[in-house]
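# Structural overview for review
What follows is the residue order along each chain.
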Amino acid sequence: MNKFSRLGFIFAAAGSAVGLGNIWKFPYITGEYGGGAFVIVYLLCIVFIGLVVFIAESYLGQTSEANVSSTFVKLSKSKNSNWKYSGFMVFGGLIILSFYSVVLGWILNYIFISFASLPESSELAGSYFNSLVSQKIELQIFFHTIIALITIFIVLRGVKEGIEKINLILMPLLGLILFGLLIYAINLDSFSKSVEFMFSANWNKIDDNALLAALGQAFFTLSLGTGTILTYSASLPKNENFIKSSFYVGIVDTIIAIIAGLIIFAFLFEAGAKSSAGPGLVFISLPVIFQQWGVLGNIIAIAFFSALLFAGITSAVSMIEPLLMLFIERFNMTRRKAVVICGSIFYGLGIIALLSMSNSFKDSLTFFGKNAFDWMDFLTSSISMPIAAIMTCIFLGYFVDKNKIRDKFTQHAPKIVFDIWYFLVKYLVPFAIAILLLNKIGVIK
Ligand code: TRP
């Protein structure tokens with residue numbers, strides 16, 4: 001089996017973690033929940049819950065060197081074969097990929113319009129975006145197809161030649177673009193306002209919804225609960241320090257989310273726009289601002305949307321790999337066959353997702369008040385990911401030999417790190433996530 005190099009793993013895992021979640025979603029939910037205080041809550045969720053689960057998945061993958069399903073069977077004390085059903089979680093990744101690819105398609109479309117003409121007013125920007133989503137079916141299918149083909153092409157080449165290589169190229173490029181944008185933002189008068197917004201705590205808007213949003217975001221941004229980190233870690237060389245690499249990934253992911261926030265809010269405040277624009281922030285508010293900056297605005301727009309695209313592509317490949325590895329190992333498929341099957345499924349689901357938002361098809365693709373796109377998001381973010389994370393923690397806390405885990409941890413870190421982590425995994429994190437889950441499905445409020 002060809003494994004990642006040490007750097008290749010960190011780049012690939014960071015590439016998975018850094019995605020639309022950081023550059024698109026983190027800034028807009030931070031805006032909605034009023035800034036600094038939300039950032040603090042989010043950071044606590046990252047450290048005490050997200051990183052704990054990240055290290056758990058990484059431990060499992062590196063120890064078993066196998067796909068998700070076999071990992072749980074292999075490492076359980078009793079070798080109980082029912083653990084194979086834990087493999088359900090990898091379908092979460094494929095479902096996320098279905099709608100993620102559609103959104104990446106919009107971004108590709110915005111790169112093209114950044115070259116030509118950006119909208120001149122908020123009304124035009126709003127109606128452009130709305131008509132893209134609700135009317136331009138062929139155009140969306142076209143861009144979704146391109147994204148799907150890019151993703152398929154990369155994973156077809158395997159872990160080392162495909163995934164590692166693309167990350168070693170795109171992640172530095174992403175870093176460079178964000179660095180350039182940050183320099184530009186720092187020179188704007190509104191940068192100090194942006195810093196203040198991101199770092200001064202205003203606790204008024206922090207309620208249980210904010211808490212849930214922060215926890216959900218911590219999960220999504222670290223790519224947890226779909227076997228992605230487990231699967232990548234199965235290709236992490238045996239003696240590498242999985243604890244250290246987990247921290248690196250967590251730090252990179254957090255820094256990039258914060259930088260993206262600083263850049264975007266500096267842009268918004270400079271134009272006197274609101275910080276609480278919601279999901280349309282990147283697709284409606286920003287393009288108008290870029291337009292006001294003339295040709296330089298076009299260049300910044302191209303850079304910005306390319307950054308989003310690069311971040312998204314490296315995440316997309318990580319969503320499909322767990323299912324590929326499972327098909328390849330458990331059903332003895334060739335990589336090619338696995339890619340064709342999984343690729344067709346997410347491509348088809350993506351088309352259903354985009355049709356479900358179009359005027360012509362939304363009625364037939366809306367079920368119990370939610371369209372197919374929202375269902376895919378709900379079934380993953382609110383159901384399968386939290387369940388998978390709870391299961392992972394319970395598994396490690398109660399069904400794996402504690403001594404073995406401790407031995408492996410203490411090879412790389414002081415024993416206190418193990419003690420704290422084990423306590424969190426066994427007692428705190430599963431219950432914290434269970435509360436999130438019950439809340440999201442409306443059992444408790
Ligand atoms: N972390 C990515 C983001 O922030 C998304 C992502 C990639 C993901 N792989 C995943 C989310 C697996 C959940 C599960 O955009």
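An unreviewed UniProt entry lists the protein under the name Transporter, from Halarcobacter ebronensis. The UniProt entry for the protein carries this comment under Subcellular location (unreviewed entry): "Membrane". The UniProt entry for the protein carries the following comment under Sequence similarities (unreviewed entry): "Belongs to the sodium:neurotransmitter symporter (SNF) (TC 2.A.22) family."

## Observations regarding the packing of aromatic side chains
All chains considered together, the criterion is met by 42 aromatic pairs. With a centroid separation of 5.3 Å and 90 degrees between ring planes, the pair formed by Phe-242 and Phe-409 is classed as edge-to-face. Pair noted here: Phe-242 is in helix H12 (residues 242-270) and Phe-409 is in helix H17 (residues 402-412), with a separation of 167 residues, a long-range link. Like Phe-242, the residue Phe-409 is buried in the burial classification.

## Points about the state of the cysteines
Using the criterion set out here, one finds zero disulfides in the structure. Of the cysteine sulfurs around Cys-393, a residue in no disulfide, the closest is that of Cys-45, at 14 Å.

## Some details on the site of the ligand
Among the 18 residues in the neighbourhood of the ligand, the closest are listed as Ala-17, Leu-20, Gly-21, Tyr-100 and Phe-220. Note that an oxygen atom of the ligand is positioned 2.6 Å from one of the side-chain N or O atoms of Tyr-100. Within the side chain of Ser-223, one N or O atom sits 3.1 Å away from a nitrogen atom of the ligand. Contact with the protein chains removes 100% of the 360 Å² of surface that the ligand exposes when unbound. For the shell around the ligand, the secondary-structure elements that each account for two or more residues are helix H1 (6-17), helix H2 (20-32), helix H5 (89-115), helix H10 (208-221) and helix H14 (294-330).

## Things to note about the pattern of salt bridges
Opposite charge on two side chains makes pairing possible when the charged atoms of those side chains draw close. Following the criterion strictly, the structure yields six salt bridges and no others. Here Arg-335 and Glu-321 are joined by a salt bridge, their closest N and O atoms 2.8 Å apart. Here the residue Arg-335 occupies a position in helix H15 (residues 335-355), and Glu-321 occupies one in helix H14, the gap between them amounting to 14 residues. Here the two residues Arg-335 and Glu-321 agree in accessibility, since each one is buried. For Asp-419, the salt bridge is made with Lys-415, and the minimal N-O distance between the two is 3.0 Å. Here Asp-419 and its partner Lys-415 are both found in helix H18 (residues 415-440), four residues apart, which amounts to about one turn of the helix. A relative accessible area of 32% means that Asp-419 is categorised as partly exposed. A single salt-bridge network, built from bridges that share partners, covers Lys-3, Glu-65 and Lys-238.

## Overview of the packing of H2 against helix H3 (residues 36-64)
The geometry of H2 relative to H3 is characterised by a closest axis approach of 8 Å and an angle of 130 degrees between their N-to-C directions. Comparing the axis directions of H2 and H3 gives the class oblique. The interaxial crossing formed by H2 with H3 has right-handed handedness. For the pair H2 and H3, contact is made by Phe-26, Ile-29 and Thr-30 and by Phe-38, Val-39 and Tyr-42, respectively. Partitioned by chemical class, the residues of the contact of H2 with H3 number five nonpolar, one polar and no charged.

Criteria and cut-off values
- Residues numbered from 1 in each chain as written.
- Predicted model: local features only at pLDDT ≥ 70, side-chain atom pairs only at ≥ 80, totals over all residues.
- Heavy atoms only, no water.
- UniProt positions renumbered as here; feature names shortened; annotations may be inferred.
- Phe/Tyr/Trp six-rings, centres within 6.5 Å; stacked < 30°, edge-to-face > 60°.
- Helix = DSSP H or I, 4+ residues; strand = E, 2+ residues; numbered from the N terminus.
- Buried < 20%, exposed > 50% of the residue type's maximum accessible area, 1.4 Å probe, protein only.
- Disulfide = S-S within 2.5 Å.
- Near = heavy atom within 4 Å.
- Polar contact = N/O pair within 3.5 Å; in protein donor to acceptor, adjacent residues only side chain to side chain.
- Areas by Shrake-Rupley, 256 points an atom, 1.4 Å probe, with all protein chains shown as cover.
- Salt bridge = Lys/Arg side-chain N within 4 Å of Asp/Glu carboxyl O.
- Axes fitted to C-alpha atoms, helices over the stretch in contact; angles between N-to-C directions.
- Parallel < 35°, antiparallel > 145°, perpendicular 65-115°, else oblique.
- Left-handed = near helix turned anticlockwise from the far one by under 90°.
- Contact = heavy atoms within 4.5 Å.
- Nonpolar A, V, L, I, M, F, W, Y, C, P; charged D, E, K, R; others polar.

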